[in-house]
Amino acid sequence: QVQLVESGGGLVQAGGSLRLSCAASGRTLKTLGMAWFRRAPGKEREFVAGIRWSGGGTSYASSVRGRFTISRDNARNTLTLQMSSLKPEDTAVYYCAAELRGLEYGTPNDYDYWGQGTQVTVSS
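Only a predicted model underlies this, so the values are computations on that prediction, with no experimental measurement involved.

Overview of the pattern of salt bridges
Evaluated as defined, the whole model comprises six salt bridges. A salt bridge links glutamate 104 to arginine 52; the shortest N-O distance between them is 3.0 Å. Of this pair, glutamate 104 sits in the loop between β9 (92–99) and β10 (113–114) while arginine 52 sits in the loop between β5 (46–51) and β6 (58–60), placing them 52 residues apart in sequence. The residue glutamate 99 makes a salt bridge to arginine 101 at a minimum N-O spacing of 3.0 Å. Accessibility expressed as a relative area gives 41% for arginine 101, which makes it partly exposed.

Here it is, written out as structure tokens:
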């Protein structure tokens, strides 16, 4: 089992930055694919960014590419999402997720472990 705990969410003005972190416990993350998803009010959960088990491959939703950066530290068992140039449409609950295939992309059904989520609110 893997327990994932997100932190770093909050309220920020449009154009600002936030850094989300995900700390894992229960087992090492180094063989798992990791990702960030988000769910905005009234919308489905959507893929934001993913990273391969080795850190050698990343994938981004087109809406965040160039503004968000995903990274991982397997030695520290942590996942990070650096978000910049934030927009009001980035407002959502952000979830950290892990999956056993070790890949950098997937649908929500591909992910085996989920955190509780952290709220990000971007004001205009």
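From this point, things continue past the structure.
Details of the nonpolar core
Counting residues in each nonpolar core, the largest one holds 31 residues, and the members touching the most others are Leu4, Met34, Trp36, Leu81, Met83 and Tyr94. Mapped by element, the contributors of at least two residues to this core are β3 (18–25), β4 (33–39), β5, β7 (68–73), β8 (78–83), β9 and β11 (118–123). Residues in contact with methionine 83, not counting those within four places in the same chain, are Gly16, Ser17, Leu18, Leu20, Arg67, Phe68, Tyr94 and Val120. Counting five residues, the second-largest nonpolar core is a separate cluster that includes Ala35, Phe47, Ala97 and Tyr111.

Looking at the environment of leucine 103
With respect to the secondary-structure elements, leucine 103 resides in the loop between β9 and β10. When the C-alpha atoms of leucine 103 and glycine 57 are compared, they prove to be 8.1 Å apart, with 46 residues separating the residues in sequence. Excluding its chain neighbours within four sequence positions, the residues that come into contact with leucine 103 are Gly33, Met34, Ile51 and Arg52.

Definitions and cut-offs
Residues numbered from 1 in each chain as written. Predicted model: local features only at pLDDT ≥ 70, side-chain atom pairs only at ≥ 80, totals over all residues. Heavy atoms only, no water. Salt bridge = Lys/Arg side-chain N within 4 Å of Asp/Glu carboxyl O. Helix = DSSP H or I, 4+ residues; strand = E, 2+ residues; numbered from the N terminus. Buried < 20%, exposed > 50% of the residue type's maximum accessible area, 1.4 Å probe, protein only. Core = buried A, V, L, I, M, F, W, Y, C linked by side-chain atoms within 4.5 Å. Contact = heavy atoms within 4.5 Å.

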